[in-house]
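Listed below are the residues making up each chain.
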Number of protein chains: 2
Amino acid sequence: MSENAHIVSSYDRDLEAIQALIMKMGGLAEAAILDAAKSLERRDEELAEKVTRGDAAIDALEEQVNEECARLLALRQPQAGDLRTVLTVMKISSNLERVGDYAKNLAKRTSVLVQLQPIDGAGGAIRRMAKTVEGMLKDSLDAYIQRDAELAEDVRQRDHDVDQMYNALFREFLTFMMEDPRNITACMHLHFIAKNIERMGDHATSISEQVIYLATGEMPEDDRPRGGRLSVDMAEAPE
Amino acid sequence: MSENAHIVSSYDRDLEAIQALIMKMGGLAEAAILDAAKSLERRDEELAEKVTRGDAAIDALEEQVNEECARLLALRQPQAGDLRTVLTVMKISSNLERVGDYAKNLAKRTSVLVQLQPIDGAGGAIRRMAKTVEGMLKDSLDAYIQRDAELAEDVRQRDHDVDQMYNALFREFLTFMMEDPRNITACMHLHFIAKNIERMGDHATSISEQVIYLATGEMPEDDRPRGGRLSVDMAEAPE
């Protein structure tokens, strides 16, 4: 075996180990999204507490990914496509860490919301939105592993559905607030929750855009990958 | 001059060029924060429009920083501390890009808010909060250039002031909403604006934490650097 082949396969082994960490992070983040939404719908403080505590494991994995990537860069000095892959992996782990933060934030709000008058239908709507985003996240990571630009593009398209779900919820919460000022505090928390889930969708989209770039060498259309595009969601709000 | 010294100085020159880009990004981001807040207070749609358009320049700089860093990694293959510095620079530019996004988001909301009934005192309060965060951002970048852990720690501490300003504003907006449902839409926008400024403060804090790590090799206390810690700001909100 040539020295060169040896170096290449060391890089591959290292990268595979890092990718396994990413998949583990992804699994934890997906579970956190679903559990956080479930805790809200069932007003289950114990489950919310579990999600809140669980975020530390995702954070620790991100740190480990960063360390392993730095080690790989220093030791294997990958070039061109390999270098790009390592930098992409670091971005993906940062996306997943943020998703974990949002799930934790959602779970913390559950603990506040159980003290307040429930808002009709909110729990179910939030759960459906969370389920959609969880599916996007799962597929974006599958697309990464398979370098499947088509699946990644599909995730990108689904982000529009999430934006629509968010806009519909925003209008509903506004109506509840206008009807009865006693709903205002709960609705503001719910609104933040919906916004946080929408942002998780942005992170899944960002991962997908990075996959498309890795697979095709081109950025999709006019979007740039980033940790969550910020739209003025309320621009078309009533009044 | 030895071959080794030559390599070292090439790295230094490359890094300096990248750091100049970072400083340029920082200058644009600081101006965007202040201009966005000014556009809100003066209900100046033209200035808001300028901030919105200006974000593209910050995005382009981030892309350039990423490319230059990848090139530096591939070409100079920096080790240990130098490698860590390059990875930190990439994180800082990502923090600055996010700050630019938040400023743009703030400016876009200005265009919506000018259509609505003004909320007493909100513009001034937002401007003061923005000014505080702009100072934090400036100092975090100075701390980076000087590798000044003390200044970075000072920025970290000031983040608590921003959190307090945010909490005070949150309560005020809630009161306005409860008093008159016609204030609800404007207050929700203002609330998002306050939240976005608080998040910009988190990004300045994240930069400072990375500086502390670079300068001392240790992470400050129990905080980890990340793109914006998410707190449940509304947990102690009045019912």
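Keep in mind it's a predicted model, so treat the numbers as computed, not measured.

Caption draft 1: Structural detail: the overall build of chain A. The secondary structure content of chain A amounts to six helices and zero strands. Along its sequence from the N terminus, chain A presents helices and strands in the succession α-α-α-α-α-α. Within chain A, buried positions represent 57% of all 239 residues. If you take every contact in chain A between residues at least 6 apart in sequence, the share linking residues at least 24 apart comes to 83%.

Caption draft 2: Focus on the packing of aromatic side chains. All names here are of chain A. The full count for this structure, using the stated rule, is one aromatic pair over all chains. The cationic tip of Arg84 hangs over the ring face of Tyr213; the distance from NZ or CZ to the ring centre is 4.7 Å. We note Lys195 situated over the ring of Tyr166; from NZ or CZ to the ring centre the distance is 4.9 Å.

Caption draft 3: Highlighting the side chain of A:His203. Residues and elements named next belong to chain A. Tracing the sequence through the fold places His203 in helix α6 (residues 184-216). According to the relative accessible area criterion, His203 is buried, its value standing at 2%. At a separation of 3.0 Å, a polar atom in the side chain of His203 contacts the side chain of Asn95.

Caption draft 4: Representation of the packing of helix α3 (residues 80-113) of chain B against helix α4 (residues 122-146) of chain B. Residue and element names in this part refer to chain B. Between α3 and α4, the least distance of the axes is 13 Å, while the angle of their chain directions is 170°. Here α3 is positioned roughly antiparallel relative to α4, judged by the angle of their axes. As for the relative orientation of α3 and α4, their crossing is left-handed in sense. Each of Thr85, Val89, Ile92, Leu96 and Val99 in α3 lies in contact with α4, whose residues at this interface are Leu137, Leu141 and Tyr144. Taken together, the residues that form the contact of α3 with α4 break down as seven nonpolar, one polar and no charged.

Caption draft 5: Quick peek at the pattern of salt bridges. Residue and element names in this part refer to chain A. Evaluated as defined, the whole model comprises 26 salt bridges over all chains. Asp139 is paired through a salt bridge with Arg158; the nearest N and O atoms lie 2.6 Å apart. With Asp139 in helix α4 (residues 122-146) and Arg158 in helix α5 (residues 149-179), this residue pair connects regions lying 19 residues apart in the sequence. The class for Asp139 is buried, based on a relative accessible area of 19%. Salt bridges here are not isolated pairs; linked through shared partners, they connect Asp139, Asp154 and Arg158.

Caption draft 6: Region of interest: the packing of α5(A) against helix α6 (residues 184-216) of chain B. Viewed as axis vectors pointing N to C, α5(A) and α6(B) meet at an angle of 125°, and their least axial separation amounts to 11 Å. Put simply, α5(A) runs oblique to α6(B). Pair α5(A) / α6(B) crosses with right-handed handedness. Residues A:Tyr166, A:Phe170, A:Leu174, A:Met177 and A:Met178 of α5(A) lie in contact with α6(B), whose contacting residues are B:Ile184, B:Thr185, B:Met188 and B:Phe192.

Caption draft 7: Spatial organisation of the confidence of the model for chain A. Residues and elements named next belong to chain A. Averaged over every residue, the pLDDT of chain A is 89; the share at 70 or more is 89%. Model confidence for chain A, summarised as mean pLDDT per element, is weakest for helix α1 (residues 3-41) at 89 and strongest for α4 at 97. Low pLDDT, under 50, characterises residues 223-239; the predicted model gives this stretch 64 contacts beyond four residues in sequence or across chains.

Caption draft 8: Layout of α5(A). Counted at 1.5 Å a residue, the expected span for α5(A) with its 31 residues is 45 Å, and the 46 Å between its end C-alpha atoms agrees. The residue sitting at the N-terminus of α5(A) and contributing the capping side-chain oxygen is A:Asp148; that oxygen lies 3.1 Å from the backbone nitrogen of A:Glu150.

Caption draft 9: Summary view of helix α2 (residues 45-76) of chain B. All names here are of chain B. The end-to-end C-alpha separation of α2 is 47 Å, in line with the 46 Å expected for 32 residues at 1.5 Å each. The residue sitting at the N-terminus of α2 and contributing the capping side-chain oxygen is Asp44; that oxygen lies 3.1 Å from the backbone nitrogen of Glu46. One or two positions beyond α2, positive phi appears at Gln77, with a value near 45°.

Caption draft 10: Seen up close, the environment of B:Ile18. All names here are of chain B. Among the structural elements, Ile18 can be located in helix α1 (residues 3-41). The spatial distance from the C-alpha of Ile18 to the C-alpha of Val86 is 9.2 Å, given a sequence separation of 68 residues. Not counting the four nearest positions on each side in its chain, Ile18 is found in contact with Val65, Glu68, Cys69, Leu72 and Val89.

Caption draft 11: Representation of the side chain of B:Gln19. Relative to the elements of secondary structure, B:Gln19 occurs in helix α1. When sequence neighbours within four positions are dropped, the list of residues in contact with B:Gln19 reads B:Tyr144, B:Ile145 and B:Arg147.

Caption draft 12: Fine view of the environment of A:Leu96. Residue and element names in this part refer to chain A. Residue placement: Leu96 occurs in helix α3 (residues 80-113). Taking the relative accessible area as the measure of exposure, Leu96 reaches 0% and is therefore buried. Counting along the chain gives 71 residues from Leu96 to Met25, while the straight-line C-alpha distance between them is 6.8 Å. In contact with Leu96, other than residues within four places in its own chain, are Ile22, Met25, Gly26, Ala29, Ile58, Leu137, Leu141 and Ile207.

Caption draft 13: Fine view of the environment of A:Met165. On the secondary structure map, A:Met165 appears in helix α5. The sequence separation of A:Met165 and A:Met129 amounts to 36 residues, and the corresponding C-alpha distance is 6.8 Å.

Thresholds, definitions, all that
Residues numbered from 1 in each chain as written. Chains lettered and ligands numbered in written order. Predicted model: local features only at pLDDT ≥ 70, side-chain atom pairs only at ≥ 80, totals over all residues. Heavy atoms only, no water. Helix = DSSP H or I, 4+ residues; strand = E, 2+ residues; numbered from the N terminus. Buried < 20%, exposed > 50% of the residue type's maximum accessible area, 1.4 Å probe, protein only. Contact = heavy atoms within 4.5 Å. Phe/Tyr/Trp six-rings, centres within 6.5 Å; stacked < 30°, edge-to-face > 60°. Lys NZ or Arg CZ within 6 Å of the ring centre and 35° of its normal. Polar contact = N/O pair within 3.5 Å; in protein donor to acceptor, adjacent residues only side chain to side chain. Axes fitted to C-alpha atoms, helices over the stretch in contact; angles between N-to-C directions. Parallel < 35°, antiparallel > 145°, perpendicular 65-115°, else oblique. Left-handed = near helix turned anticlockwise from the far one by under 90°. Nonpolar A, V, L, I, M, F, W, Y, C, P; charged D, E, K, R; others polar. Salt bridge = Lys/Arg side-chain N within 4 Å of Asp/Glu carboxyl O. pLDDT = per-residue confidence, 0-100. Expected span 1.5 Å × (residues − 1).

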